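# Fold and geometry: a report
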Amino acid sequence: MKRVLITGANMENKGAQSMLFVAVDELKKRYKDVQVYFAYSSGNFDEEKYNFKGVYYTGVTKKIALGQNGFYNYMKRSVKDCAKWILGKRTALWKAKELKTLMSKMDMIIDVSGFQLGDKWDITTNQEFLNNIRLAKKYNIPIYLMPQSFGPFHYKDKSILKDIEEELKYPEIIFAREIQGKDMLEKEFGLTNVRLYSDMVLQNTGIDPKNIYKKDVKLNYTKITGRGNVGIVPNTKCLKHGDQDKIYGLYMKLMDTILAKGKKIYLFTHSSEDKIMCEYLKNQYKDNDNVVLITEEMTCLEYDEFVNQLDFQIGSRFHGLVHAFRNDVPCIALGWAVKYDELCKIVGEEGYSFDINKIDENTDKIIEKVEYLADHYETEKKVIEEHMKIVRNDNCFSYITFKN
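Not measured: the values here are computed from a predicted model.

So, about the overall build of the chain. Each helix and strand in the chain was counted, giving 16 helices and 13 strands. Against the 2.2 N^0.38 benchmark of 22 Å for 404 residues, the chain shows a C-alpha radius of gyration of 22 Å, consistent with a compact globule. Of all 404 residues assigned to the chain, the portion counted as buried reaches 55%. The long-range share in the chain, meaning contacts at least 24 apart out of those at least 6 apart in sequence, stands at 71%. On the chain, roughly 18200 Å² of surface is accessible, and the fraction owed to carbon and sulfur atoms is 47%. Seen as two clouds, the 61 positive and the 58 negative side-chain charges of the chain have centres 7 Å apart.

Pairs can form between side chains of opposite charge whenever their charged atoms are close. In total, this model carries 21 salt bridges according to the counting rule given. Between Glu128 and Lys62 there is a salt bridge, and its shortest N-O distance comes to 3.4 Å. One end of the pair, Glu128, is in helix α5 (residues 123-138); the other, Lys62, is in helix α2 (residues 59-66), and 66 residues separate them in sequence. The exposure class of Glu128 is partly exposed, given its relative accessible area of 22%. For the salt bridge of Asp375 with Lys261, the shortest nitrogen-to-oxygen distance reads 2.8 Å. Here the residue Asp375 occupies a position in helix α16 (residues 359-391), and Lys261 occupies one in the loop between α11 (244-260) and β9 (264-267), the gap between them amounting to 114 residues. Via salt bridges that share partners, Arg134, Lys137, Asp163, Glu166 and Glu167 belong to a single interconnected network.

Phe21 and Phe52 are the most contacted members of the largest nonpolar core, which totals 97 residues. For this core, the leading source of residues is α16, giving nine residues. Beyond its immediate sequence surroundings of up to four residues, Phe21 is in contact with Met11, Tyr50, Phe52, Ile207, Ile212, Tyr213, Cys300 and Leu301. Ranked by size, the runner-up nonpolar core spans 34 residues in total, among them Leu5, Ala65, Ile164 and Leu185.

Reading across from one edge, β3-β2-β1-β4-β5-β6-β7 is the order of the seven strands in this open sheet, with parallel pairing throughout. Looking at strand neighbours, the two that pair on one side only are β3 (53-56) and β7 (194-196), the edges of this open sheet. Recorded for the sheet is a direction-independent mean angle of 25° between the axes of neighbouring strands. In terms of strand pairing, strand β1 (residues 2-7) meets strand β4 (residues 108-111) through four bridges, oriented parallel. By the bridge assignment, Thr7 is partnered in β4 with Asp111. On top of the sheet, helix α7 (residues 179-189) reaches β6 (173-176) and β7; it is set at about 165° to β7, its chief contact.

Axis separation between α11 and helix α12 (residues 275-283) bottoms out at 11 Å; the angle between their running directions is 55°. Our classification of the angle between α11 and α12 gives oblique. When the axes of α11 and α12 are compared, the crossing they make is right-handed. Across the interface between the two elements, Ile247, Tyr248, Tyr251, Met252 and Met255 from α11 touch Ile276, Met277, Tyr280 and Leu281 from α12. When the residues that make up the contact of α11 with α12 are grouped by side-chain class, the tally is nine nonpolar, no polar and no charged.

Turning next to the packing of aromatic side chains. Under the defined criterion, the tally for this structure stands at 23 aromatic pairs. When the centroid spacing of 4.9 Å and the interplanar angle of 85° are considered together, the rings of Tyr31 and Phe402 count as edge-to-face. Of this pair, Tyr31 sits in the loop between α1 (14-30) and β2 (34-40) while Phe402 is found in the segment after α16, placing the two residues 371 residues apart along the sequence. Take Phe402: its relative accessible area is 15%, and that puts it in the buried class. Judged by centre distance (5.8 Å) and plane angle (50°), the ring pair of Tyr40 and Tyr56 falls under tilted. Linking Tyr40 in strand β2 with Tyr56 in strand β3, this pair joins segments that are 16 residues apart in sequence.

Reading across the sheet, the six strands line up as β10-β9-β8-β11-β12-β13 and stay open at both edges, with parallel pairing between neighbours. The sheet is open, and its two edges are formed by β10 (291-293) and β13 (353-355), each paired on a single side. In this sheet, adjacent strand axes meet at a mean angle of 20° when their direction is disregarded. Sheet contacts for α12: β9 and β10; angle to β10, the most-contacted strand, approximately 145°.

Under the 1.5 Å per step criterion, the end-to-end length of α11 is 24 Å for 17 residues, consistent within 8% with the ideal 24 Å. A distance of 3.1 Å separates the backbone nitrogen of Asp245 from a side-chain oxygen at the start of α11, and that oxygen is part of Asp243. Two residues or fewer past α11, Gly262 is found with a positive phi of approximately 80°.

What counts, and at which threshold
- The numbering scheme is per chain: residues are counted from 1 as the chain's sequence reads.
- For a predicted model such as this one, the threshold for reporting local features is a pLDDT of at least 70, and the threshold for listing and counting side-chain atom pairs is 80 or more; totals across whole chains, interfaces and linings nevertheless cover every residue.
- As a rule here, side-chain values cover all heavy atoms of the structure and leave hydrogens and water aside.
- Put simply, DSSP H or I for four residues or longer makes a helix, DSSP E for two residues or longer makes a strand, and each gets a number counted from the N terminus.
- Our radius of gyration is a C-alpha quantity, and the globule rule it is checked against amounts to 2.2 Å times the number of residues to the power 0.38.
- The buried label goes to any residue with under 20% of its type's maximum accessible area, the exposed label to any with over 50%, and the partly exposed label to all in between, with areas taken from a 1.4 Å probe on protein chains only.
- Any two residues whose heavy atoms approach within 4.5 Å are treated as being in contact.
- All accessibility values rest on the Shrake-Rupley procedure with a 1.4 Å probe; residue burial counts only the protein chains present in the view.
- Here the positive residues are Lys and Arg and the negative ones are Asp and Glu; neither His nor the chain ends is included.
- Every charge is mapped onto a representative atom, which is NZ of Lys, CZ of Arg, CG of Asp or CD of Glu.
- For this analysis, a salt bridge means a side-chain nitrogen from Lys or Arg found within 4 Å of a carboxyl oxygen belonging to Asp or Glu.
- Put simply, a nonpolar core is a bunch of buried Ala, Val, Leu, Ile, Met, Phe, Trp, Tyr and Cys residues held in one set by side-chain atoms that sit within 4.5 Å of each other.
- For two strands to be treated as a pair, DSSP must find no fewer than two bridges joining them.
- Only the stretch in contact is used when a helix axis is fitted, and all axes are lines through C-alpha atoms; the angle between N-to-C directions ranges over 0 to 180 degrees.
- In these notes the angle categories are as follows: under 35 degrees is roughly parallel, over 145 is roughly antiparallel, 65 to 115 is roughly perpendicular, and the rest is oblique.
- Crossing handedness follows the turn of the near helix against the far one: under a right angle anticlockwise gives a left-handed crossing, and clockwise gives a right-handed one.
- Put simply, Ala, Val, Leu, Ile, Met, Phe, Trp, Tyr, Cys and Pro go in the nonpolar bin, Asp, Glu, Lys and Arg in the charged bin, and everything else, Gly too, in the polar bin.
- Stacked, edge-to-face and tilted are the three classes for Phe, Tyr and Trp ring pairs, Trp counted by its six-membered ring, which pair at centre distances within 6.5 Å; planes under 30 degrees apart are stacked, over 60 edge-to-face, the rest tilted.
- Any helix carries an expected span of 1.5 Å times its number of residues minus one.
- Each polar contact in these results corresponds to two N or O atoms within 3.5 Å; when the atoms are within protein, one needs to be able to donate a hydrogen and the other to accept it, and residues that are neighboring in sequence are counted only if both atoms are side-chain atoms.

Taken by themselves, the reported measurements are silent on function.
What follows is the structure, encoded as structure tokens:
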């Protein structure tokens with residue numbers, strides 16, 4: 001029996017959930033004798049529901065497994081969990097040492113973090129990411145960093161650069177999702193274990209639910225009849241990177257354009273934190289039945305089925321765009337990082353990615369693209385379909401190997 005630990009995922013964000021599900025699915029399709037463990041850090045993982053196991057995986061439990069002030073961290077974690085238990089709150093009581101016990105039995109670690117290493121994050125977040133690699137090194141476990149974003153590395157605290165250079169030499173393969181990230185890792189740290197690869201969810205040809213769930217699960221999502229439907233998937237992070245009033249103003253201009261074309265708009269989330277944006281936009285059209293707010297939480301599998309019903313989508317969640325593209329659904333990407341540009345380029349849609357920080361100069365161009373897609377979405381679907389054939393010719397999981 002081969003044991004694999006998947007780090008960097010969670011169930012709250014649908015992008016993180018989809019990377020977890022894809023990793024489980026790809027491993028189970030390739031190896032019949034594999035036992036997958038999901039490293040979770042919040043709530044309680046329901047092993048009765050899923051066809052893989054869970055292990056409590058927090059900053060403290062990692063330090064305990066690494067032997068960093070082990071007794072102090074164990075007592076700190078135990079006292080905190082006891083307090084939660086007394087107050088009737090959800091807790092992972094008695095699980096503080098579970099990770100340390102399990103690590104010696106692991107045959108591989110696969111990290112599916114979307115983006116955790118770079119100067120956009122604080123030093124603690126960066127060190128938390130590096131601790132995944134330190135764990136692998138301590139227990140002599142091969143680790144693969146699956147396609148994700150990296151950098152930039154212009155930290156105020158330069159001391160972390162030595163840690164990054166040292167730890168990133170260890171992974172078997174570092175799959176960089178963007179050319180920019182790959183170049184930075186190679187030039188700034190002299191790494192030779194980096195490969196450029198598209199997103200793992202984009203590469204996946206379809207998840208077998210039996211690899212994910214122990215029992216048959218019925219997918220519940222809003223069913224749409226006919227065509228003429230457009231999805232909008234906002235991202236609250238855009239409000240941090242751009243001007244809030246201008247961003248909301250842009251969305252409303254785009255919605256007016258879509259409605260004028262006789263289309264129906266569906267507002268929905270790819271992460272629960274984005275509900276506030278969807279609700280705000282719906283309130284601006286509260287008397288318009290052609291603007292529909294979907295409040296139900298969808299799993300990544302349900303999301304995948306839902307977007308397949310759309311003519312096109314306007315989105316700011318990276319994996320929200322990925323799920324659309326993998327179903328040949330055209331998108332207008334409103335982002336702030338190079339990952340949006342490179343994703344659109346991979347599927348032949350490089351003219352449909354726009355910087356949320358440049359609304360003034362891009363508004364007319366975005367409206368023009370919306371008007372075009374309203375009338376010619378089928379043309380773009382064919383473009384994406386041809387590019388997706390190329391994307392799926394290769395899969396990063398083909399390069400994952402167990403040591404004897």
